[in-house]
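So the chains spell out like this:
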Amino acid sequence: MTLQDARRVIAAAEEKSKELRQPMNIAMADEGGNLVAHVRMDGAWLGSIDIAIKKAYTSRAFNIVTKDLAAHSQSGEQFFGIHASNDGKIMIFAGGIPLEKDGKIVGAIGVSGGSGEQDHAVAEAGAGAF
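Here the structure is a predicted model, which means the values were calculated and not measured. (Residues numbered from 1 in each chain as written. Predicted model: local features only at pLDDT ≥ 70, side-chain atom pairs only at ≥ 80, totals over all residues. Heavy atoms only, no water.)

## Section: the packing of helix H1 (residues 3–20) against helix H4 (residues 116–129)
Heads up, the rule is: Working convention: axes come from line fits to C-alpha atoms, limited for helices to the stretch in contact. Angles between N-to-C directions cover 0 to 180 degrees. For helices the rule is a DSSP run of H or I covering at least 4 residues; for strands it is a run of E covering at least 2, with both sets numbered from the N terminus onward. By definition, any crossing whose near helix is turned counterclockwise from its far helix by less than a right angle is left-handed, and any crossing with a clockwise turn is right-handed. Contact definition: two residues touch when any of their heavy atoms are within 4.5 Å.
At a closest axis distance of 7 Å, the pairing of H1 and H4 adopts a crossing angle of 140°. Between H1 and H4 the crossing geometry is right-handed. Residues Arg8, Val9, Ala12, Ala13, Lys16, Ser17 and Leu20 of H1 touch H4, and the partners they reach there are Gln118, Ala121, Val122, Ala125, Gly126, Ala127 and Ala129.

Have a look at this one:
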């Protein structure tokens, strides 16, 4: 995941966010789950900065769409309690998507600032540009 890749993905996510009229925080993580880039769109919630970054980390750490992880982490499900692991870095809300290149996960996008559906749609738009 290069900075150029991250900027391209963020730009596509921003366009979708504007289409939805919902300002977002958009974070990009590399293969190791480290932050490569973050954008807080004008008017996006301050509290969503940390959430977007953690969604990108979570998606890469477990190579899973956070929307799917959320379903598997409910009471009685196989990953119940996972949100308490990794020193609180795990986010189980929609909006995180791993990014794959040549069959290998090389990073992830994390989006926060709207409803779960909006966050996921913006993340999908970004991932589509990768």
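## Thoughts on the environment of Met24
Looking at the secondary structure, you find Met24 in the loop between H1 and strand S1 (25–30). When the C-alpha atoms of Met24 and Leu35 are compared, they prove to be 17 Å apart, with 11 residues separating the residues in sequence.

## What about the pattern of salt bridges?
Worth spelling out the cut-off: For this analysis, a salt bridge means a side-chain nitrogen from Lys or Arg found within 4 Å of a carboxyl oxygen belonging to Asp or Glu.
All chains considered together, the criterion is met by 6 salt bridges. As a salt-bridge pair, Asp5 and Arg8 come within 3.3 Å of each other at their nearest N and O atoms. Pair noted here: Asp5 and Arg8 are both in helix H1, with a separation of 3 residues, about one helical turn. A salt bridge links Glu15 to Lys18, with the shortest nitrogen-to-oxygen separation between them at 3.8 Å. You can see Glu15 and its partner Lys18 sitting in helix H1, 3 residues apart, about one turn around the helix.

## What about the packing of aromatic side chains?
For the record, the criterion: Between the rings of Phe, Tyr and Trp (Trp by its six-membered ring), a pair exists once the centres lie within 6.5 Å; its type follows the angle of the planes, with under 30 degrees stacked, over 60 edge-to-face, and the other angles tilted. Note on geometry: a ring has a charge over it if NZ (lysine) or CZ (arginine) is within 6 Å of the ring centre and within 35 degrees of the ring normal.
Scanning the entire structure with this criterion turns up 0 aromatic pairs. Lys89 extends its terminal NZ or CZ atom over the ring of Tyr57, reaching a point 3.8 Å from the ring centre.

## As for the nonpolar core
The criterion, for reference: Only buried residues count toward a nonpolar core. Its members are Ala, Val, Leu, Ile, Met, Phe, Trp, Tyr and Cys residues joined through side-chain atoms within 4.5 Å. To sort residues, take the accessible area from a 1.4 Å probe on protein chains only and compare it with the maximum for the residue type: under 20% means buried, over 50% means exposed, and anything in between is partly exposed.
Grouped together as the largest cluster of nonpolar side chains are 15 residues, with contacts concentrated most on Met24, Ile26, Met28, Ile109 and Val111. Secondary-structure elements contributing two or more residues to this core are H1, S1, strand S3 (96–101), strand S4 (104–112) and H4. The dominant element in this core, judged by the number of residues it contributes, is H1, at 4 residues. The contact partners of Met28, leaving out residues within four places of it in the chain, are Met1, Ala6, Val9, Ile10, Asn34, Leu35, Val36, Ala37, Leu99, Ala108 and Ile109. Ile64, Leu69, Ala70 and Ile90 belong to the second largest nonpolar core, which has 7 residues in total.

## What about the pairing of S3?
Our working rule: Whether two strands pair depends on DSSP finding at least two bridges between them.
Pairing of S3 with S4, which is carried by 6 bridges, proceeds in the antiparallel orientation. Within S4, the position partnered with Glu100 by the bridge is Ile105. Joining the antiparallel neighbours S3 and S4 is a turn of 2 residues, in which Asp102 adopts a positive phi near 55°.

## A look at the environment of Gly114
Mapping Gly114 onto the fold places it in the loop between S4 and H4. Along the chain, Gly114 and Ser48 lie 66 residues apart, while their C-alpha atoms are 9.1 Å from each other. Each residue touching Gly114, except ones within four places of it in the same chain, is listed here: Gln22, Met24, Trp45 and Asp119.

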